[in-house]
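For reference, the chains in residue letters:
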Amino acid sequence: MQSIIFGFHKASRLSRKISLFILLLAGSIPIASAQNKAVRSGEKFVYAASYNMSGLMTQLAQVTMATETVKTSKNTLLHLSCEAATFSKWDTFFKIRDTYESYVNTTTLKSSLYKRNILEGQYTKKEKYIFKNGGRIIESTVSKKGKPETKKTFAVSGSTQDAIATLYQLRNVDFSQFKSGQIKTFTVIFDEKEMTVAAKFMGKETIAAGNLGKRECYKVSIAAKTQALKGIDKNILWLTADNARVPALIKFSIPVGTGQLTLTNASGL
């Protein structure tokens, strides 16, 4: 048990890097040309999050992705959410309650508002991005535990998107038109910085996709110039090779270990 606890604390120090990898997946597709044909309101995907501790792939948390339609006084938007929470038996050692939200155009999935609320052990952080001028200007509000709230406005490229919105846009990419080894580079906003990432199409594989059963999937490798990721073709996303392109499996490699998100249940498709 001691080795498991030690391994969990080592993993906990890297929880923000793991979160970064999940968000880096979002930067792997073109933004401007995306038209939503795959994502529906009312979807819910549930994942088991595991980390390799002392040689054992151990389930530590649950990640839930969901969509719903919301109406404002001016627009109808799609609310995209991603929540991560450690299982109760691990909360004593290191409690995680993370929420990422994006409010997007129902047709283009272009961001209007992004929110991030992080609770990881004693670390807390809240972020809010308001996208203006067609997404070229961002007004950000950031607060961290024990520090004063900061606000600023900064410019980004017209194709830069918040991470959660872009992750959903990934499902609208027609990978059937990609050649094995084909690489594209794109940009995502994270921690008030634009980050360039590269996605490499690696062909198809048939894998288990939770309650969807065995599914043929597109295999995509993610790379970026960051210390959070390690290895060549070690950070990989599998998307079901159908019209929904559901993220079925995510594997990541970081400086002190490996982990994965495994789909357990998909509904609302």
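Residues numbered from 1 in each chain as written. Predicted model: local features only at pLDDT ≥ 70, side-chain atom pairs only at ≥ 80, totals over all residues. Heavy atoms only, no water.

Peer 1: Where do I start with the overall build of the protein chain in this structure?
Peer 2: On a plain count of helices and strands, the protein chain comes out with four helices and 15 strands. Expressed as a percentage of its 269 residues, the buried residues of the protein chain come to 50%. Intrachain contacts of the protein chain at a sequence separation of at least 6 include 52% that bridge at least 24 residues. Surface accessibility of the protein chain: about 12,800 Å² in total, with carbon and sulfur atoms responsible for 50%. (Helix = DSSP H or I, 4+ residues; strand = E, 2+ residues; numbered from the N terminus. Buried < 20%, exposed > 50% of the residue type's maximum accessible area, 1.4 Å probe, protein only. Contact = heavy atoms within 4.5 Å. Areas by Shrake-Rupley, 256 points an atom, 1.4 Å probe, with all protein chains shown as cover.)

Peer 1: Can you help me understand the pairing of strand β1 (residues 44–53) in this one?
Peer 2: Successive residues of a regular strand alternate their side chains across the two faces of the sheet. The buried fraction of β1 amounts to eight of the 10 residues, a majority that puts the element mostly inside the structure. Judged from the eight bridges that link them, β1 and strand β15 (residues 257–267) form a sheet pairing that is antiparallel. The residue of β15 that forms the bridge with Lys-44 is Ser-267. Where β1 folds back on strand β2 (residues 56–71), the antiparallel hairpin that results is connected by two residues, among which Ser-54 adopts a positive phi of roughly 55 degrees. (Pairing = 2+ DSSP bridges.)

Peer 1: How should the confidence of the model for the protein chain be read in this particular structure?
Peer 2: Reading fine detail from the predicted coordinates is not recommended where pLDDT is low. Across the protein chain, pLDDT averages 82, with 83% of residues at or above 70. When the elements of the protein chain are averaged for pLDDT, helix α1 (residues 2–12) gives the smallest value, 37, and strand β3 (residues 76–86) the largest, 95. Every residue in residues 1–14 is under pLDDT 50, and counting partners more than four places away or in other chains gives 22 contacts. Scored below 50 in pLDDT, residues 24–33 shows 37 contacts in the model against residues more than four places distant or in partner chains. (pLDDT = per-residue confidence, 0-100.)

Peer 1: I tried to follow the pattern of salt bridges on my own but got confused; where do I start?
Peer 2: For side chains of opposite charge, pairing can occur when their charged atoms come near one another. Under the criterion given, the structure shown has 11 salt bridges. Among the salt bridges present, the one from Arg-116 reaches Asp-191, with a minimum N-O distance of 2.7 Å. Placement of Arg-116 in strand β5 (residues 111–120) and of Asp-191 in the loop between β10 (183–190) and β11 (193–208) is noted, with a sequence separation of 75 residues between them. Lys-125 is paired through a salt bridge with Asp-191; the nearest N and O atoms lie 2.7 Å apart. Taken together, the residues span a long stretch of sequence, with Lys-125 in strand β6 (residues 123–132) and Asp-191 in the loop between β10 and β11 at a distance of 66 residues. One continuous salt-bridge network, built from bridges that share partners, spans Arg-116, Lys-125, Glu-127 and Asp-191. (Salt bridge = Lys/Arg side-chain N within 4 Å of Asp/Glu carboxyl O.)

Peer 1: When you look at the nonpolar core in this model, what are you seeing that I'm missing?
Peer 2: Most often, soluble globular proteins keep nonpolar side chains buried together rather than apart. Phe-175 and Leu-263 are the most contacted members of the largest nonpolar core, which totals 50 residues. Formed by five residues, the second largest nonpolar core is a distinct cluster that contains Tyr-51, Leu-60, Trp-90 and Phe-252. (Core = buried A, V, L, I, M, F, W, Y, C linked by side-chain atoms within 4.5 Å.)

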